[in-house]
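# Reading the structure
Single-letter residue listing:
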Amino acid sequence: ESGMRVINSSVGNITNLEVLQILQENKAQNMEKWKGMKKDLHQSLTVEEQVLKFLSKSPIGKIDFTIAADLFSLLSTKYAAIKFSKYDKLQLLNNLPQKLVEIYMVLEPATMGELETQNLVEGLIEDITNLVAKNTKEPETVPEV
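Residues numbered from 1 in each chain as written. Predicted model: local features only at pLDDT ≥ 70, side-chain atom pairs only at ≥ 80, totals over all residues. Heavy atoms only, no water.

A few words on the confidence of the model for the chain. On average, the chain scores 82 in pLDDT, and the residues at 70 or more come to 77%. When the elements of the chain are averaged for pLDDT, helix H2 (residues 39-42) gives the smallest value, 58, and helix H8 (residues 121-135) the largest, 95. (pLDDT = per-residue confidence, 0-100. Helix = DSSP H or I, 4+ residues; strand = E, 2+ residues; numbered from the N terminus.)

In structure tokens:
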């Protein structure tokens, strides 16, 4: 049985950052499981291992978990006039866009329109870039299994 399972599917969305944190917390426990497993049973944890590797190598893997609070605080204060949807906030946190094209790819058109109308797009890119720089940490190595 894998350590990752849905507890309550109606609670809401989970961010890549939260998934990474859960997988990192379970890593040591899983290493013990993997040691004694037969090859066919070991495959049940392969997806979890691949997700951990992928997220660890992504921009999220280099970020301190406090960035979520910093980003949401920024959106609710400096950008309070913009009506960011839950989807927009999730996409901003998961992708941490630092280029104009990245912002366009992750935000809903209505939100982009609001940002453009108020000339806030470049400011948001700069603010996210500063948050990423402030919250960057040394990436954790993921052991090979």
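Next, the rest of the story.
Another point: the pattern of salt bridges. Scanning the model with the defined rule gives three salt bridges in all. Note that Asp70 is salt-bridged to Lys134, the shortest N-O span being 3.2 Å. With Asp70 in helix H4 (residues 67-77) and Lys134 in helix H8, the pair connects residues that are 64 residues apart, well separated along the chain. (Salt bridge = Lys/Arg side-chain N within 4 Å of Asp/Glu carboxyl O.)

One can describe the packing of H4 onto H8 by two numbers: an axis separation of 10 Å at closest approach and a directional angle of 155 degrees. In terms of orientation, H4 and H8 fall into the roughly antiparallel class. For the crossing formed where H4 meets H8, the hand is right-handed. Residue-level inspection shows Ile67, Asp70, Leu71, Leu74 and Leu75 of H4 in contact with H8, the latter providing Leu124, Asp127, Ile128, Leu131, Val132, Lys134 and Asn135. Of the residues belonging to the contact of H4 with H8, the class tally is eight nonpolar, one polar and three charged. (Axes fitted to C-alpha atoms, helices over the stretch in contact; angles between N-to-C directions. Parallel < 35°, antiparallel > 145°, perpendicular 65-115°, else oblique. Left-handed = near helix turned anticlockwise from the far one by under 90°. Contact = heavy atoms within 4.5 Å. Nonpolar A, V, L, I, M, F, W, Y, C, P; charged D, E, K, R; others polar.)

For the rest of this paragraph, the subject is the environment of Lys134. Judged by relative accessible area, which is 58%, Lys134 ranks as exposed. Within polar-contact distance, the side chain of Lys134 engages the side chain of Asp70 at 3.2 Å. (Buried < 20%, exposed > 50% of the residue type's maximum accessible area, 1.4 Å probe, protein only. Polar contact = N/O pair within 3.5 Å; in protein donor to acceptor, adjacent residues only side chain to side chain.)

Before going further, it helps to spend a moment on the nonpolar core. One finds Phe84, Leu92, Ile103, Leu107, Leu115 and Leu124 to be the most contacted residues of the largest nonpolar core, which totals 30 residues. Going through the elements one at a time, helix H1 (16-35), helix H3 (46-57), H4, helix H5 (86-95), helix H6 (100-106), helix H7 (109-117) and H8 are the ones with two or more residues in this core. Considering each element in turn, this core owes the most residues, six residues, to H8. Contact partners of Leu124, with chain neighbours within four places excluded, come to Leu75, Tyr79, Phe84, Ile103, Leu107 and Leu115. (Core = buried A, V, L, I, M, F, W, Y, C linked by side-chain atoms within 4.5 Å.)

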